[in-house]
Amino acid sequence: ALMTTPVYQADGSMLVKFGNSLPDVTSPDLVRTEVSHNDRREIIQSNVPLMLSKSLLRNVVRDFGVDRLYPRQPDEKITGSPVDAAVNRLLNGDLIVATDPNSNVINVSLRNINPDVAAGFLNELFDAFINRQSEVFNNPPTNFLSEQVEHARKRLESSQQELEDFKSTS
């Protein structure tokens with residue numbers, strides 16, 4: 001136990017907002033409804049794989065510095081690129097992303113031999129994640145998304161018409 005290197009853990013949390021803070025990807029003539037509990041859980045859970053995506057982690061590791069995150073020992077051999085080795089190390093237990101199904105919070109932890117490095121890396125990861133989310137939600141909808149919104153609008157109109165017809169016959 002005396003020979004082991006101490007490992008520190010930096011923790012951070014991110015609050016996921018709902019309601020009026022959600023980006024509006026619907027057409028202007030559709031009425032926005034409140035986000036259900038299941039929808040909230042799905043939205044929060046969908047953020048976890050995005051935060052753990054290899055492309056996002058590669059960018060953050062590259063910008064932060066591989067040797068700063070994981071200083072190499074003289075006898076350490078790395079197969080493949082150092083960035084990919086660092087990303088694999090993060091994904092294999094050093095980086096933990098967890099959610100609570102009853103909460104709007106995503107908890108992130110990073111284990112590292114340097115507490116300042118762990119905290120600094122988490123800050124850069126949060127910044128990169130927020131930028132990625134902004135890119136996703138602020139870009140104009142793709143054709144596929146536009147088609148899906150139009151299809152949903154038509155189904156809503158059809159359902160509303162059926163309801164009105166049913167009410168008028170009752």
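Predicted model, so just to flag it, every value in this text is computed and none were measured. (Residues numbered from 1 in each chain as written. Predicted model: local features only at pLDDT ≥ 70, side-chain atom pairs only at ≥ 80, totals over all residues. Heavy atoms only, no water.)

### Some details on the packing of aromatic side chains
Describing an aromatic ring pair means giving the distance of the ring centres and the angle of the ring planes.
Reasoning step 1: Enumeration over the complete set of coordinates arrives at one aromatic pair.
Reasoning step 2: Aromatic side chains Phe-64 and Phe-121 sit 5.4 Å apart centroid to centroid with 90 degrees between the ring planes, which places their arrangement in the edge-to-face category. Of this pair, Phe-64 sits in helix α2 (residues 54–64) while Phe-121 sits in helix α5 (residues 115–138), and the two are 57 residues apart along the sequence. With respect to burial, Phe-64 and Phe-121 carry one shared label: buried.
Reasoning step 3: In this structure, Arg-68 is placed above the aromatic ring of Phe-64, and the distance from its NZ or CZ to the ring centre is 3.9 Å. (Phe/Tyr/Trp six-rings, centres within 6.5 Å; stacked < 30°, edge-to-face > 60°. Helix = DSSP H or I, 4+ residues; strand = E, 2+ residues; numbered from the N terminus. Buried < 20%, exposed > 50% of the residue type's maximum accessible area, 1.4 Å probe, protein only. Lys NZ or Arg CZ within 6 Å of the ring centre and 35° of its normal.)

### A closer look at α2
Residues lying three or four places apart along an α-helix face the same way, a consequence of the helix completing one turn every 3.6 residues.
Reasoning step 1: For α2, the set of buried residues is Leu-56, Leu-57, Val-60, Val-61 and Phe-64. Seen along its axis, α2 keeps its buried residues to an arc of 125 degrees; they face one direction. Across α2 from its buried face, at more than 90 degrees, point the exposed residues Arg-62 and Asp-63.
Reasoning step 2: Once α2 finishes, Gly-65 follows within two positions and takes phi at roughly 110 degrees, a positive value. (Arc of directions from axis to C-beta.)

### Points about the confidence of the model for the protein chain
Low-pLDDT stretches of the model should not have their predicted coordinates read in fine detail.
Reasoning step 1: Averaged over the protein chain, the pLDDT score is 78; the fraction of residues at 70 or greater is 74%.
Reasoning step 2: Mean pLDDT values over the elements of the protein chain span from 75, in helix α1 (residues 37–51), up to 91, in α2.
Reasoning step 3: This model gives residues 21–27 a pLDDT under 50, and the stretch forms 12 contacts once residues within four places in sequence are excluded.
Reasoning step 4: Note on residues 29–33: pLDDT under 50 across the span, and nine contacts to partners over four residues away in sequence or across chains. (pLDDT = per-residue confidence, 0-100. Contact = heavy atoms within 4.5 Å.)

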